[in-house]
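# Architecture and fold: a report
Residues per chain are reported as follows:
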Amino acid sequence: MKKLLVANRGEIAIRVMRTAKKMGIKTVAVFSEADRNSPHVKHADQAVCIGPAPSNESYLRGDKIIEVSKELNVDAIHPGYGFLSENADFAELCEANNILFIGPRSKAIRVMGSKLAAKETVKGYNIPMVPGTDEAITDIPEAKKIAKGIGFPILIKASAGGGGKGMRIVENEAEFESQMDRAISEAKNAFGDGSVFIEKYVASPRHIEIQIMADMHGHVIHLFERECSIQRRHQKVVEEAPSVALTPELREKMGQAAINVARSCDYIGAGTVEFLLDENLNFYFLEMNTRLQVEHPVSEWIAGVDLVELQIKVARGEKLDLKQEDLKINGHALELRVYAEDPMNDFLPSVGNLEVYTLPEGENIRVDNGFEQGMDIPIYYDPMLSKLITYGKTREEAIELMIKAIDNYHIKGVETTLPFGRFVFEHEAFRSGNFDTHFVKKHFSQSLLEDQEMLEAEIAAKIALKHFLMEQKLLKVPN
Ligand code: MV4
């Protein structure tokens, strides 16, 4: 592999190029008209504009990207995350054009892209799953009987959904039919596929995912778990590795289950197997993400690997030289996603100009960043500015360093999730490890409410003071 094209932008494009450079591989950036002056363009040996700002006219144009790859004699394409990374048609197009797609084969992407196909594929591999149906629902009265058997609340999920899209909670029997009708028509509209299934609703789970890596020679390893429960509306905000909730025995079991999921679809490369973990530490397979994930750095730090390097090596056909028994967790890593969003205003995107933008630096601090001072944040893409990652021998050390790093991260011109991060890392529930996927809803909205109450209390105090002063005056008048 002499030349690698990175079909992405921002921090992940830069992160992939860093490893390519380290391995002596030349890099090609692609960019939209909005990204002409973006840092990822400067990091590459060559760069090509592939279209106007909107993603569907640039970063999603698989045909254009293949064309550029051929013109520039590109050997391989790294898709990063998002955009074309889980597009089976694009992987196929690469295969057909003899360009190495850095990821699994298109067949594995396709299977895991469908929740029902995924369930079917892992059958016989001893993977724990949430009680529910494993075929698309066609007979609603029959489905209702099954739902009653499982017990309400249940969850309707779209087979073509994922990442929280196309889900509906049904609280009781009475609303079953209407919710089912809605779920099916929503799935048809959103995904062009009305297949839905039902599952028992796990009320307060933790989101635990296992990083796996597989080569072409039948060797599959896991690189432990990431705890991703701190999220809002299915957007992760804080991730960490390892999870405080797992015992070594449970880790071993979940790791083995993840490896089996990978085996079931002849997986190659880096992948993530998502599980729910309930209060009794039962775990259930949810879905497999067939890409390098945003939060991969926390796994890299505790496992001592470069996941992009491993991706490139296995894509070239090399054997994984890591053995499961040689892998050990070393220390603790945290990640905060720094978004240009206003946490005080329902996390609305806060686009504008980065008037001040300086990164924290130091030992055990890593910032995977895609921006620089003076830049405007484009409105066309995800507003994530960077990922702030800290490491410590212990979780406490990593948390303390994270709080310092947040203080040393200076951003002016836009609102960001940095103060929200501080809120999380200082929170007793986070510190004690006693949290689940409802953390933000439960604690942050609550604290905003408290702020509101404080505000009201302040106003009430002022009014009381005013009355007091008026009374004094009134009292003074007769004197
Ligand atoms: C669930 C669930 C409860 N019970 N499935 C959301 C994302 C998608 N990957 C699956 N998701 C869930 N599936 C059952 N049977 C709760 C969620 C869920 C969730 C999962 C992980 C992280 C955050 C979440 C937030 C809300 C709901």
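Residues numbered from 1 in each chain as written. Predicted model: local features only at pLDDT ≥ 70, side-chain atom pairs only at ≥ 80, totals over all residues. Heavy atoms only, no water.

## Some points on the overall build of the protein
The condition that has to hold: Going along the chain from the N terminus, every DSSP run of H or I of four or more residues is numbered as a helix, and every run of E of two or more is numbered as a strand. Taken over C-alpha atoms, the radius of gyration is set against a globule rule of 2.2 Å times the number of residues to the power 0.38. Exposure is judged per residue with a 1.4 Å probe applied to protein chains only, and the accessible area is read against the type maximum: over 50% gives exposed, under 20% gives buried, and values in between give partly exposed. Two residues qualify as a contact provided that any one of their heavy atoms is within 4.5 Å of a heavy atom in the partner residue. Surface accessibility in these figures is a Shrake-Rupley result with a 1.4 Å probe; residues are shielded only by whichever protein chains are displayed. As used throughout, the charge tally considers Lys and Arg to be positive and Asp and Glu to be negative, leaving His and the chain termini uncounted. Charge positions are represented by NZ for Lys, CZ for Arg, CG for Asp and CD for Glu.
Looking only at helices and strands, the protein has 15 helices and 20 strands in total. Taken over the C-alpha trace, the protein has a radius of gyration of 25 Å; the compact-globule value for 479 residues is 23 Å, and the two agree within 12%. Taken along its principal axes, the extent of the C-alpha atoms in the protein is 100 × 60 × 45 Å. Of all 479 residues assigned to the protein, the portion counted as buried reaches 54%. Long-range contacts, defined here as pairs at least 24 residues apart, represent 65% of the contacts in the protein between residues at least 6 apart. Of the roughly 21,700 Å² of accessible surface on the protein, 50% is carried by carbon and sulfur atoms. Treating the 57 positive side-chain charges of the protein as one cloud and the 72 negative ones as another, the clouds have centres 2 Å apart.

## Looking at the side chain of R291
Keep this limit in mind: In the analysis that follows, any N or O atom pair within 3.5 Å is treated as a polar contact, provided that within protein one partner can donate a hydrogen and the other can accept it, and provided that, for residues neighboring in sequence, both atoms belong to side chains.
Relative to the helices and strands, R291 is located in the loop between β13 (283–289) and α10 (296–303). Among the polar contacts listed, one links the side chain of R291 to the side chain of E86, at a separation of 2.4 Å. Aside from chain neighbours lying at most four places away, what touches R291 is G80, Y81, G82, S85, E86, Y267, A270 and G271.

## Concerning the sheet that holds strand β6 (residues 154–162)
The condition that has to hold: A pair of strands counts as paired when DSSP detects no fewer than two bridges linking them. Fitting a line to C-alpha atoms yields each axis, with helices limited to the stretch in contact; the angle taken between N-to-C directions then spans 0 to 180 degrees.
One open sheet accounts for 3 strands, arranged β7-β6-β8; its pairing is antiparallel. Among the strands making up the open sheet, the edge pair consists of β7 (165–170) and β8 (196–200). Taking the axes of each pair of neighbouring strands and ignoring which way they run, one obtains an average angle of 25° across the sheet. Pairing between β6 and β7: 5 bridges, direction antiparallel. When the bridges of β7 are listed, I156 appears paired with R168. Running at roughly 95° to β6, helix α6 (residues 115–122) makes contact with β6 and β8 of the sheet. Those strands touched by helix α7 (residues 140–150) are β6 and β8, and its axis lies near 15° from that of β8.

## Description of unusual backbone geometry
Residue P153 is reached from F152 by a cis peptide bond, and omega for that bond is 0°. Within the secondary structure, P153 sits in the loop between α7 and β6. Along the chain, A241 connects to P242 via a cis peptide bond; the corresponding omega equals -5°. Within the secondary structure, P242 is located in the loop between β11 (235–241) and α9 (248–264). The residue N364 is not glycine, and still its phi comes out positive at about 70°. Within the secondary structure layout, N364 lies in the loop between β17 (356–358) and β18 (365–369).

## Structural notes on the packing of aromatic side chains
To keep things clear, this is the line we draw: Two rings from Phe, Tyr or Trp (for Trp, the six-membered ring) form a pair when their centres sit within 6.5 Å of each other. Planes less than 30 degrees apart are called stacked, planes more than 60 degrees apart edge-to-face, and all others tilted.
Summed over the entire model, instances satisfying the criterion amount to 17 aromatic pairs. Ring centres 6.1 Å apart and planes at 55° place the aromatic pair Y380 and Y381 in the tilted group. Accessibility expressed as a relative area gives 44% for Y380, which makes it partly exposed. On the basis of an interplanar angle of 25° and a centroid distance of 5.4 Å, the ring pair of F430 and F435 is categorised as stacked. The residues F430 and F435 share a single accessibility class, namely buried.

## Here we look at the pairing of strand β19 (residues 384–392)
Most of β19 is tucked away, with 9 of its 9 residues classed as buried. Here 8 bridges tie strand β14 (residues 332–339) to β19, and the two strands are oriented antiparallel to one another. Counterpart to A333 in the pairing with β19 is Y391.

It is worth stressing that arrangement in space is one thing and function is another; only the former is reported here.
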